[in-house]
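# Report on the structure
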Amino acid sequence: MMVEDSVENSGVDSRIAPDTKDWTWVLERPCPECGFDPAAVERAGLGDAVRDNAAFWATALGDPRAAQRPAPGVWSPVEYACHVRDVNRVFAGRLEQMLTEDDPQFADWDQDETAVTERYDEQRAADVVPDLLAAGERVAAGYDGVRNDAWDRPGRRSNGSLFTVDTIGRYHLHDLVHHRWDVRWIMGE
C-alpha cells in the first residue's frame, strides 16, 4: 500500500513504501538505527517513557516545517505523529486484551492502510497533538497499572509472534523511539 503526497502533479515520486519488516528482533538486541536497547528498559518506567515521547511530538509539531516531507517518499513529522498516535491506540487495546483475556490473539492492523484511510498526509499538526497526547496517556496509564504478577501474561499476533505484557511494552516503546529518531532533523538532533 502506498501513501500519496498531498501535492498533486509535482513531478516527484512521493509515494511511501510500506514497511514489511518483522521488527520483533528488537526484543533481543539493540536497534542499530535508533539505538533502542530493550535490555535497558525498566518496565516500571514504560508509562513515563511513553509520556515523554508524546511530549516530544507535541513540541516537534509546533515547528512550521512539521507538515513538510524531508525527501520524496519520506513521511513528514505530522505523518509520523499520526502513526505514533495510532500505534499508541493499537497498543492500548492490545495491552487491555492481555490483561483481561487469556492468551488473546490480536486483530491484524494494517498500518499502511490506516495511513491512507486516515489521510495522514492531509492532517494538521494542531489537530494531531491533542489526540496523540490522549492516546499516549491512555496507554501510559495502562502500563502504570500493570500488577507485578501480570507482566508475564501472554498475547500473540496472527503470525504467531508471542509477546508478554513486558515484551509488548518494550516492542511498543521501540516503535515510538524509532519514529522519534526518524524525525530527529526537525529538532536538530
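The notes below deal with the structure included here. For clarity, every value in this text was computed on a predicted model and none was experimentally measured.

The subject of this paragraph is helix H1 (residues 46–60). With 15 residues, H1 should reach 21 Å at 1.5 Å per residue; the first-to-last C-alpha distance of 21 Å fits that figure. All of the buried residues along H1 are Leu46, Gly47, Val50, Asn53, Ala54, Phe56, Trp57 and Ala60. Structurally, H1 contributes buried residues whose contacts are with helix H2 (77–100), helix H4 (125–144) and helix H5 (165–182).

Looking now at the pattern of salt bridges. Scanning the entire structure with this criterion turns up 17 salt bridges. For glutamate 96, the salt bridge goes to arginine 138, with nearest N and O atoms at 3.4 Å. Note that glutamate 96 is positioned in helix H2 and arginine 138 in helix H4, a separation of 42 residues in sequence. Taking the relative accessible area as the measure of exposure, glutamate 96 reaches 45% and is therefore partly exposed. The salt bridge partner of arginine 170 is aspartate 166, with a shortest N-O separation of 2.8 Å. Here the residue arginine 170 and the residue aspartate 166 both occupy positions in helix H5, the gap between them amounting to four residues, near one helical turn. Taking relative accessible area as the criterion, arginine 170 reaches 15% and is therefore assigned buried. On the basis of relative accessible area, aspartate 166 is assigned to the buried category, the value being 11%. What emerges from the salt-bridge pattern is a single network uniting Asp48, Arg51, Glu137 and Asp144.

With 46 residues, the main nonpolar core has Phe36, Trp57, Leu61, Val78, Phe91 and Tyr143 as its most contacted residues. Elements represented by at least two residues in this core include exactly H1, H2, H4 and H5. With 11 residues, H2 is the single largest residue contributor to this core. Each residue touching phenylalanine 91, except ones within four places of it in the same chain, is listed here: Val139, Tyr143, Ile168, Tyr171 and His172.

All right, on to the packing of H2 against H4 then. Where H2 meets H4, the closest approach of the two axes is 8 Å, and the angle between their N-to-C directions is 25 degrees. Between H2 and H4, the crossing angle belongs to the class labelled roughly parallel. The element H2 and its partner H4 pack so that their crossing is left-handed. For the pair H2 and H4, the contacting residues are Val78, Ala81, Cys82, Val84, Arg85, Asn88, Arg89, Phe91, Ala92, Gly93, Leu95 and Glu96 in the first and Ala125, Val128, Asp131, Leu132, Ala135, Gly136, Arg138, Val139, Gly142 and Tyr143 in the second.

It is at 8 Å that the axes of H1 and H4 come closest, and there the two elements cross at 170 degrees. In terms of their interaxial angle, H1 and H4 are classed as roughly antiparallel. On the side of H1, the interface is formed by Leu46, Gly47, Asp48, Val50, Arg51, Ala54, Ala55, Trp57 and Ala58, while H4 contributes Val129, Leu132, Leu133, Gly136, Glu137, Val139, Ala140, Ala141, Tyr143 and Asp144. When grouped by side-chain class, the residues that make up the contact of H1 with H4 number 13 nonpolar, two polar and four charged.

Now for H5. The terminal C-alpha atoms of H5, which comprises 18 residues, lie 26 Å apart, in line with the 26 Å expected from a rise of 1.5 Å per residue. Most of H5 sits inside the fold, with 14 of its 18 residues counted as buried.

With that settled, the discussion passes to the packing of aromatic side chains. The full count for this structure, using the stated rule, is five aromatic pairs. Ring centres of phenylalanine 56 and tryptophan 57 lie 5.2 Å apart, and the angle between their planes is 80 degrees; on these two criteria the pair is classed as edge-to-face. Tryptophan 57 matches phenylalanine 56 in its accessibility class, with the two residues each being buried. With 6.1 Å between their ring centres and 45 degrees between their planes, phenylalanine 91 and tyrosine 171 make a pair best called tilted.

Here is what the cut-offs are and how they apply
Within each chain, residues carry numbers counting from 1 in the order of the written sequence. At least 70 in pLDDT is required for a residue's local features to be given in this predicted model, at least 80 for side-chain atom pairs to be given and counted, and no such filter applies to totals for whole chains, interfaces and linings, which use all residues. Values shown for side chains rest on all heavy atoms present in the structure; no hydrogens or waters enter the calculation. We count a stretch as a helix when DSSP gives it H or I for four or more residues in a row; a strand needs E for two or more, and each element gets its number in order from the N terminus. The span expected for a helix works out to 1.5 Å for each residue beyond the first. Here's how the labels work: a residue is buried when its accessible area is under 20% of the maximum for its type, exposed when over 50%, partly exposed in between, all with a 1.4 Å probe on protein chains only. The contact criterion used is simple: two residues touch if any of their non-hydrogen atoms lie within 4.5 Å. Criterion for a salt bridge: a side-chain nitrogen of Lys or Arg within 4 Å of a carboxyl oxygen of Asp or Glu. Here, nonpolar core refers to any group of buried Ala, Val, Leu, Ile, Met, Phe, Trp, Tyr and Cys residues whose side-chain atoms link them within 4.5 Å. For helices, the axis comes from a line fit to the C-alpha atoms of the stretch in contact; other axes are also lines fit to C-alpha atoms, and the angle between any two N-to-C directions lies between 0 and 180 degrees. Throughout this description, any angle smaller than 35 degrees is read as roughly parallel, any larger than 145 degrees as roughly antiparallel, any in the 65 to 115 degree range as roughly perpendicular, and the remainder as oblique. Whether a crossing is left-handed or right-handed is set by the direction in which the near helix is turned from the far one by less than a right angle, anticlockwise for left-handed and clockwise for right-handed. Nonpolar residues are Ala, Val, Leu, Ile, Met, Phe, Trp, Tyr, Cys and Pro. Charged residues are Asp, Glu, Lys and Arg, and all others, Gly as well, are polar. Two rings from Phe, Tyr or Trp (for Trp, the six-membered ring) form a pair when their centres sit within 6.5 Å of each other. Planes less than 30 degrees apart are called stacked, planes more than 60 degrees apart edge-to-face, and all others tilted.

None of the figures reported here should be taken as evidence of function without further support.
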